[in-house]
Amino acid sequence: MFKKVLIANRGEIALRVIRTCREMGIKTVAVYSTADKDSLHVRFADEAVCIGKPQSADSYLNIPHIIAATEITNADAVHPGYGFLAENSKFAQICGDHRIKFIGPTPAMINAMGDKITAKETMIKAGVPVVPGGEGLLKNLNEAKSLAKEIGYPIILKATAGGGGKGMRVVWEEKEMERAYSTAKAEAAASFKNDGIYMEKFVEEPRHIEIQIAGDQFGRVCHLSERDCSIQRRHQKLVEESPSPFMTNELREKMGEAAIKAASAINYESVGTIEFLVDKHRNFYFMEMNTRIQVEHCVTEEVINFDLIKEQIKIAMGEKISGENYLPQMHAIECRINAEDPYNEFRPSPGRINVLNTPGGHGVRVDSHVYAGYVIPPYYDSMIGKLITVARTRDEAIDTMYRALSEYVIDGVKTTIPFHLQLMKNEDFRKGNFTTKFLETFVMEKATV
Ligand code: MV4
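Source: prediction; values computed, not measured. Residue positions are counted from 1 within each chain, in the order its sequence is given. Reporting in this predicted model follows two pLDDT cut-offs: at least 70 for local features of residues, and 80 or more for side-chain atom pairs to be given and counted; totals over whole chains, interfaces and linings ignore these cut-offs and use all residues. Side-chain measures were taken over the full set of non-hydrogen atoms in the model, leaving aside hydrogen atoms and water.

**Concerning the overall build of the protein**
Here a strand is any run of E in DSSP of at least two residues, a helix any run of H or I of at least four, and the numbering for each starts at the N terminus. Regarding its fold elements, the protein presents 14 helices and 22 strands. The globule rule used here is 2.2 Å times the number of residues to the 0.38 power, and the radius of gyration it is set against is calculated over C-alpha atoms. By the compact-globule yardstick of 22 Å for 449 residues, the protein fits well, its C-alpha radius of gyration being 22 Å. If one aligns the C-alpha atoms of the protein with their principal axes, the spans along those axes are about 60 × 55 × 40 Å. Residue contacts follow a heavy-atom distance rule, with two residues in contact if any of their heavy atoms lie within 4.5 Å. Taking all contacts inside the protein whose residues are at least 6 apart in sequence as the whole, residues at least 24 apart take part in 66%. Per-residue accessibility takes into account occlusion by the displayed protein chains alone, with areas from the Shrake-Rupley method and a 1.4 Å probe. When the accessible area of the protein is evaluated, it comes to approximately 19,500 Å², of which 48% is carbon and sulfur surface.

If you want it as structure tokens, here you go:
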């Protein structure tokens, strides 16, 4: 049993973890940079330790400072949240070396999924469908050209150290290959200090559907159904929902089983997510595994009525999971409310929130760390909060979302609220008729006020 947990994060997820710890009777320690001294996670935690200057590298990514904060407060465990050190195997290792429990998977599990070629090989062995492509790293341009001929254009080049779109290039015909090969390699080297790239058949207009899983220390793994995250812009998710409007009972069973196989293949322990690409024929392919709690975990919590952070902490304390799979009982949608200007390429808009009115009422959940007078620092991501609605049907969840968005007043910074209001009225969105390409052609109507 943990007596005290240090949260190595900030913003809404730090608050989210503090809330569950409080319900479990676990004391909490917040860490904060000097830019976050007035943040709610600092106020709501039982203790708080300043870990450095505003830049992430000096604070939320500074491992020695975080370990020192854990030791001086005598915390038993660290919750990494998402982003920052959540998928850093060195950090997980160093926590272990200091007899601090890292609330998440082991360093070996993080590494097994961190390198994409290794992950893909593991999935093939486990019988999880993967996108057809070459085996292993590309050695040179000639090999890339001959392999692409074999697979058939279009193909996609991906960085083995990648994820989230960096170092990725789609190639439609051979004459584009030379340029794509060298730019993908250069981008991978610059982003990850690892220029290894590999090739896959390019799946056109896929949906991004991911399966939430949980595994315990005793080898039991279950799935907790899917989230549809196809509404993205430049690899940034903007809207997530569960169930997916594209899902069928048969496909859920198949994808759920594949996700369990994927996690079992590495004896996964903790909560995690298997991301799949799903094509228009409902063929699905393993894309990557996220070995952390995700931003969008809340939609799953709402449709199965289950606290995923509580489960994650219990697993870390050595408790057994039930082993049953969970099916959606409701429909939930999440809109990410970012301090960004949707009328200007979603440009970040940090600054002071002068006026704030948070929506409420039946079927509405807001996970946010901001308040009137709060200043959004320019150093971190631009998320102000998440607005989640839940109802018996998708149509009702969308209606509730529109109503809640209309009540949401955030004055002082530009936000993504006008984008979400327009999306909720979009005919194709309402029909569930969208893929990961949807936002490429979505045009904002001019503001009326
Ligand atoms: C793909 C793909 C099509 N075919 N792989 C984007 C992020 C990275 N995790 C993998 N990604 C993709 N991989 C094959 N073989 C299309 C994408 C992709 C994408 C995937 C999910 C959500 C949004 C996306 C936007 C552009 C491309």
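**Side note on the site of the ligand**
In the region of the ligand, 17 residues are neighbours, and Lys158, Glu200, Lys201, Val203 and Glu288 sit closest. For this analysis, a polar contact is any N or O atom pair within 3.5 Å, provided that within protein one partner can donate a hydrogen and the other can accept it, and provided that sequence-adjacent residues contribute only side-chain to side-chain pairs. One nitrogen or oxygen atom from the side chain of Lys158 is found 2.9 Å from a nitrogen atom belonging to the ligand. Within the side chain of Glu200, a nitrogen or oxygen atom sits 2.9 Å from a nitrogen atom of the ligand. In isolation the ligand has 530 Å² of accessible area, and contact with the protein removes 89% of it. Counting residues per element, the ones that place at least two in the shell around the ligand are β6 (155-159), β8 (197-201) and β13 (284-290). The residue classification treats Ala, Val, Leu, Ile, Met, Phe, Trp, Tyr, Cys and Pro as nonpolar and Asp, Glu, Lys and Arg as charged. All others, Gly included, are polar. Classifying every residue of the shell around the ligand gives 7 nonpolar, 6 polar and 4 charged. Source of the domain bounds: an automatic or database domain assignment. The two domains that each donate at least three residues to the shell around the ligand are domain 2 (132-201) and domain 3 (207-440). Near is defined per residue: the residue qualifies when any heavy atom it owns lies within 4 Å of the molecule or strand.

**Quick look at the packing of helix α4 (residues 89-97) against helix α5 (residues 107-114)**
Running from amino to carboxyl end, α4 crosses α5 at an angle of 175 degrees, the nearest separation of the two axes being 8 Å. In terms of orientation, α4 lies roughly antiparallel with respect to α5. Contacts from Ser89, Ala92 and Gln93 in α4 reach Pro107, Ile110 and Asn111 in α5. Taken together, the residues that form the contact of α4 with α5 break down as 3 nonpolar, 3 polar and no charged. Here an angle of 0 to 180 degrees is reported between the N-to-C directions of two axes, which are lines fitted to C-alpha atoms, with helices fitted over the stretch in contact. Here the word oblique covers every angle except those under 35 degrees (roughly parallel), over 145 (roughly antiparallel) and from 65 to 115 (roughly perpendicular).

**Structural notes on unusual backbone geometry**
Note on backbone geometry: most residues besides glycine have negative phi, and most peptide bonds are trans. Looking along the chain, the bond that leaves Tyr153 and enters Pro154 is cis, with omega of 0 degrees. Following Ser242, the chain continues into Pro243 via a peptide bond in cis, with omega recorded as -5 degrees. Even without a glycine there, the phi angle at Asn305 is positive, about 55 degrees. Residue placement: Asn305 occurs in the loop between α10 (297-304) and α11 (308-316). Buried, partly exposed and exposed residues are distinguished by accessible area as a fraction of the type maximum, computed with a 1.4 Å probe on protein chains only: under 20%, between the cut-offs, and over 50%, respectively. Residue classification places Asn305 among the exposed residues on the basis of a relative accessible area of 71%.

**So, the domain arrangement of the protein**
Interfaces are often described in size by the accessible area the parts lose on coming together. Assigned domains within the protein: domain 1 (4-103), domain 2 (132-201) and domain 3 (207-440). The straight-line distance from the C-alpha centre of domain 2 to that of domain 3 is 30 Å. The partner domain 3 presents 4 residues to the 6 residues of domain 2 that form the contact. For any pair of parts, buried area is found by adding up, for both, the accessible area (1.4 Å probe) each one loses once the two are put together. Counting each side, the surface lost to burial between domain 2 and domain 3 is near 330 Å², with a carbon and sulfur contribution of 58%. When a carboxyl oxygen of Asp or Glu is within 4 Å of a side-chain nitrogen of Lys or Arg, the pair counts as a salt bridge. At the junction of domain 2 and domain 3, the tally comes to 0 salt bridges. Counting every contact that joins domain 2 to domain 3 gives 0 residue pairs in polar contact (both at pLDDT 80 or more). Taken together, the residues of the side of domain 2 that touches domain 3 break down into 2 nonpolar, 3 polar and 1 charged.

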